[in-house]
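Observations on the three-dimensional arrangement
The primary structure of each chain is shown beneath.
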Amino acid sequence: MKKTLGFIAAALLVSAPAMAADAPTYNCDYQPSCEVAPGIYGAMASPATSKFNLSVGGYVKLDYAYNSTNLGGAGANFLLPNGPIPKTTSIAGREDQSILTARQSRFWLKVAGPTFLGAKTNALIEADFFGPGSTSNENGLLRMRHAYGSLDWANTQVLFGQTQDIFGPMLANTIDFRQGAATGNPNNPRVAQLRLTQKVNFNANNSLKLVVGVQNPTQDNDNLVGDTTDTYGSVVNAAAQVMFVSKALGTAPGFYGMAMNNLTAGVFGLVGSEKVGVAPTTNRAVDSYGYGVYAFVPVLKSSDGKSRAMTMSFETQAYMAANMLFNSATGSATVGATPDKTGAKGYGIAGQVIFYPTQDLGITAGWQRRNAYDYANYTAANFEKFNELIYGNVAYDLNAAVRVATEFEHQKTVYGNNTPGQSDLGQDNTIRLAAYYFF
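The structure displayed is predicted, hence computed values, not measured ones.

1. A few points about the packing of aromatic side chains
What the rule picks out here adds up to 10 aromatic pairs. On the basis of an interplanar angle of 75° and a centroid distance of 5.8 Å, the ring pair of F167 and Y319 is categorised as edge-to-face. Here the residue F167 occupies a position in the loop between β6 (156–164) and β7 (190–201), and Y319 occupies one in strand β15 (residues 311–322), the gap between them amounting to 152 residues. In terms of burial, F167 and Y319 fall into one category: buried.

2. Regarding the nonpolar core
Judged by nonpolar contacts, the single largest core of 19 residues is most densely connected at F167, F268, L270, Y294, Y319, M324 and A329. For this core, the secondary-structure elements that each account for two or more residues are β10 (237–246), β13 (263–278), β14 (281–300), β15 and β20 (383–397). Not counting residues up to four positions away in its chain, the partners in contact with A329 are F167, P186, Y319, A321, M324 and R370.

3. Quick notes on empty space enclosed by the protein
The tally for this structure, following the rule as stated, stands at two cavities of 30 Å³ or more. Reported here for the largest cavity is a volume of approximately 120 Å³. Along the walls of the largest cavity sit 15 residues, with N173, Y256, N393, A395 and R403 positioned nearest its centre. For the lining of the largest cavity, the secondary-structure elements that each account for two or more residues are β18 (345–356), β19 (361–372), β20 and β21 (402–416). Considering every element that reaches the lining of the largest cavity, the biggest residue donor is β19, with three residues. Taken together, the residues of the lining of the largest cavity break down into eight nonpolar, six polar and one charged. Looking at the second largest cavity, its volume works out to about 50 Å³.

Procedures and definitions
- Residues numbered from 1 in each chain as written.
- Predicted model: local features only at pLDDT ≥ 70, side-chain atom pairs only at ≥ 80, totals over all residues.
- Heavy atoms only, no water.
- Phe/Tyr/Trp six-rings, centres within 6.5 Å; stacked < 30°, edge-to-face > 60°.
- Helix = DSSP H or I, 4+ residues; strand = E, 2+ residues; numbered from the N terminus.
- Buried < 20%, exposed > 50% of the residue type's maximum accessible area, 1.4 Å probe, protein only.
- Core = buried A, V, L, I, M, F, W, Y, C linked by side-chain atoms within 4.5 Å.
- Contact = heavy atoms within 4.5 Å.
- 1 Å grid on protein atoms, 1.4 Å probe; cavity = no way out; pocket = protein on both sides within 12 Å on 5 of 7 lines; lining within 4 Å.
- Points joined across faces, edges and corners; volume = space filled by probe spheres on them.
- Nonpolar A, V, L, I, M, F, W, Y, C, P; charged D, E, K, R; others polar.

Encoded structure:
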């Protein structure tokens, strides 16, 4: 018995170094007993594996915003409303508001899988914390943003899943979550779609990018009989882009200063049909359509295609649309009285300049406007004649992970068929501070 115990003890002593190598490394920042209470967020990192190559990323984002107008739930959720500003004579128009939120934080998973007929296969899933039913900043729920797979050849891509709307390539480089939606920049919706992208090379420096796809015809909230827009999607929408891309002017930073983009200019459009869903005309087709132009210009190019120091870009787009409330391209879905409703028409204009005097310091200034077209067709009381946004922000990267930023925005709404005795103007000034941790 003594010999047996001796052999066991010796075996344990011999194996101790190997066991120690596999033992978890506890977080000892907390005392007194780190080996008993290793902490929740301490040194607990471990490799992630998947069936295929997997990478993880995203960012933590804390926002503070002071709004000179009480934007209610829209202000609390998005820090800028997706729609009109309350009138200056309303109760909300005479109140102000402060908001702190971390719900804009997000994370993503990217997958690189096996090849197929010479194509690389990839997938991405991204989520944030604006899920339906989230009633407060303290109880943010998970929400799908992007979820798509793709097959990527050298000049061709087939993408299926949910990602950015094909209509309207520009994203406003703002700190606020809406990024110019409802003020001439309708690209924020992420919709289920199937798209084909084809690159046509003219020479080493110039090419044509063709994008064509079919998309979900409406956002979920607009796809219900009897909803506030009184239309519902009956067929899928078709959308397309035709863009000329040239390396002649070099590259300059785009959205968030992350992508270095070449000169790009072209057109985009969308066509579809929805049905009026209000009695007595419950199945009458109303056309949805839009068309526009887009340009990205490197004004001051990068010295080596990577450095942002002393670079500047100018980005702009303009469009005309009808019955496209589902992506904020128009302020209403339809105009007129039942049974003769037609698609509400509107147009949008947007432009911004991004300047990096140094690698880490980014400065953005922009202006956007969404306008109803032909006011005489808008018979409803207090319709939105136009929404306008002026913004400027400064962002500084402390290192590869941490960014701090500040922003000023002025947004206003002018109303038509105004209620007598009330102001026809709503306006808001917002001061915003934000901190990011990219990972």
